[in-house]
Amino acid sequence: MEQKYGEKLTGFLAGAFAYTIWGILPIYWKLIGGVPASEILAYRILWSFVFMVLFIAILNKTAETWREIKTIFTHPKTAILITFAAILITANWFIFIFTVNSGHVTEASLGYYINPLVNVLIATLFLKEKLSYVELTAVLFAIVGVIILTYHSGHIPFAAIAMAVTFSLYGLIKKFVPVSVFTGLTLETAIIFPFALIYLVFFAKTFFMSYAFSTDILVALAGVVTAIPLLLFATAAKRISYIMVGFLQYIGPTLMFILGVLFYKEQFDQVQLIAFLFIWLAIIIFMSANIMIARKIKRLEQVNKSLN
C-alpha cells in the first residue's frame, strides 16, 4: 500500500529538521572544547537520559513507556537490538565529538557525506528498496563527489567511515525495532547511563558543575541538543524510505562544511568545490524525483477520497 502523503511529509520534515540541528552542532561542541571528548560524551549520555525521563513525565507517558520497556525485555531479540543501537550511537557520538574538537570539522562532514551512500547500500541489499533510474543517477553523482573529497583528503578517512557505518546501522535498527520513538531513546540512554556515570565519578578529571558556570550550563544542555534531533530522526526513519533518510542527511554535513570553511577557516579549494557541486546536483535530482512522486501520491489520495 502506498504511504499516505501526510505521513510521508511529516517524516520528511522531521528528518530535515533533525539534520539541520546536527549540521550546526559543531558550534555547540566547540563552545565546550575545553572539556575532554570522553567527558563530553559521558555528560551527553547522562543528561540525555535525564532529559528523556523528564520529557516523558511532562507528556504523561511514564506508565506507558515503562510498560513498553517491560514488554521489550520479554523479547530478547528486541532487547539485544536496542542494546546494539545504544552502543552504535554512543560510538558515533564519541568519534564525532573527538573529530570536531580536534579541529577537523570538514572531516566530520565527510563522514556524513559517506553515510547516505551506506544507507542506499543497506536499503537496496537488505531492505529491497528499489531505486528508479533518476534516483540511481543521483546516487552516482553523489558517489563521484564523495570519491573526489576522499581522494583530496590524501588519506583513508577512517573516522569518517566509522561515523558513516555506525550511524547507518543505528538508523536501520531504529526503522524496524517495534518500539515507540520515546521508549526507544529512553531505553538506549538508560542502557549506557550507568557506564557514563561510573566514568564521570571514578575516571573523569572533574565531575558535575566543575567548570566555569557557562560551560557547566552548556554541558547540562547537551542532553537537550542530543535528544531532540534523535527523536526527530527516529520519527523520520519510521515514516519515509531509508534511501530518502540518507539523502536528507546531506543537509547536515553541508552545514558542517560551511561552518568549517567560513567560521573555523579550514581549507577549501577548487577541487572541494567541484566535489560539492556533484553532491548538490545529486540532492537536487533526488529530491525533485521524490517531490514528483509525493505529488502523484497526494493526487491519488484526493481521487480516492472523491470516489468514496
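Summary of the structure given here.

Definitions and cut-offs
- Residues numbered from 1 in each chain as written.
- Predicted model: local features only at pLDDT ≥ 70, side-chain atom pairs only at ≥ 80, totals over all residues.
- Heavy atoms only, no water.
- Helix = DSSP H or I, 4+ residues; strand = E, 2+ residues; numbered from the N terminus.
- Rg over C-alpha atoms; globule rule 2.2 N^0.38 Å.
- Contact = heavy atoms within 4.5 Å.
- Polar contact = N/O pair within 3.5 Å; in protein donor to acceptor, adjacent residues only side chain to side chain.
- Buried < 20%, exposed > 50% of the residue type's maximum accessible area, 1.4 Å probe, protein only.
- Expected span 1.5 Å × (residues − 1).
- Arc of directions from axis to C-beta.
- Phe/Tyr/Trp six-rings, centres within 6.5 Å; stacked < 30°, edge-to-face > 60°.
- Lys NZ or Arg CZ within 6 Å of the ring centre and 35° of its normal.

1. Remarks on the overall build of the protein
Okay, step 1: When its secondary structure is counted, the protein shows 13 helices and 0 strands.
Okay, step 2: Counting from the amino terminus, helix and strand elements in the protein follow one another as α-α-α-α-α-α-α-α-α-α-α-α-α.
Okay, step 3: Here the protein has a C-alpha radius of gyration of 20 Å; the compact-globule value for 308 residues is 19 Å, and the two agree.
Okay, step 4: Seen through its principal axes, the protein has C-alpha atoms that stretch 60 × 55 × 30 Å.
Okay, step 5: Relative to all contacts within the protein whose residues are 6 or more apart in sequence, the contacts with residues 24 or more apart total 89%.

2. Details of the side chain of glutamine 249
Okay, step 1: By secondary structure assignment, the location of glutamine 249 is in the loop between helix 11 (242-248) and helix 12 (251-263).
Okay, step 2: One polar contact links glutamine 249 to asparagine 115, side chain to side chain, over a distance of 2.5 Å.
Okay, step 3: Once you skip the residues sitting within four places of it in the chain, glutamine 249 turns out to touch Tyr19, Tyr112, Asn115, Pro116, Asn119 and Phe167.

3. Focus on the environment of isoleucine 258
Okay, step 1: Tracing the backbone shows isoleucine 258 in helix 12.
Okay, step 2: When its relative accessible area of 39% is taken as the criterion, isoleucine 258 is described as partly exposed.
Okay, step 3: Taking the C-alpha atoms as reference, isoleucine 258 lies 35 Å from phenylalanine 195; in sequence the two are 63 residues apart.

4. Description of helix 6 (residues 133-153)
Okay, step 1: Helix length check: helix 6, at 21 residues, gives a terminal C-alpha distance of 31 Å against a target of 30 Å (1.5 Å per residue), a fit within 8%.
Okay, step 2: For helix 6, the complete set of buried residues consists of Glu135, Ala138, Val139, Ala142, Gly145, Val146 and Leu149. The buried residues of helix 6 occupy an angular sector of 125° when the element is viewed end-on, so they sit on one face. Exposed side of helix 6, more than 90 degrees from the buried face: Tyr133, Ile147 and Tyr151 are the residues found there.
Okay, step 3: Downstream of helix 6 by one or two residues, glycine 154 has phi in the positive range, about 85°.

5. So, helix 5 (residues 105-125)
Okay, step 1: The end-to-end C-alpha distance of helix 5 is 31 Å, a good match for the 30 Å that 21 residues give at a rise of 1.5 Å each.
Okay, step 2: In terms of burial, helix 5 is largely enclosed, as 18 of its 21 residues are buried.

6. Here's the deal with the packing of aromatic side chains
Okay, step 1: On inspection of all chains with the given rule, the structure shows 14 aromatic pairs.
Okay, step 2: When the centroid spacing of 5.3 Å and the interplanar angle of 85° are considered together, the rings of tryptophan 22 and phenylalanine 167 count as edge-to-face. Residue tryptophan 22 is found in helix 1 (residues 5-31), and its partner phenylalanine 167 is found in helix 7 (residues 158-176); the two are separated by 145 residues along the sequence.
Okay, step 3: The interplanar angle of 50° and the centroid separation of 4.9 Å between the aromatic rings of phenylalanine 167 and phenylalanine 233 together place this pair among those described as tilted. Within this pair, whereas phenylalanine 167 is found in helix 7, its partner phenylalanine 233 is found in helix 10 (residues 222-239), the two being separated by 66 residues in sequence. For the residue pair phenylalanine 167 and phenylalanine 233, the accessibility class agrees, reading buried in each case.
Okay, step 4: Ring pairs connect the aromatic residues Tyr19, Trp22, Phe167, Tyr170 and Phe233, which therefore count as one cluster.
Okay, step 5: Above the ring of phenylalanine 176, the side-chain terminus of lysine 175 is found at 6.0 Å from the ring centroid.

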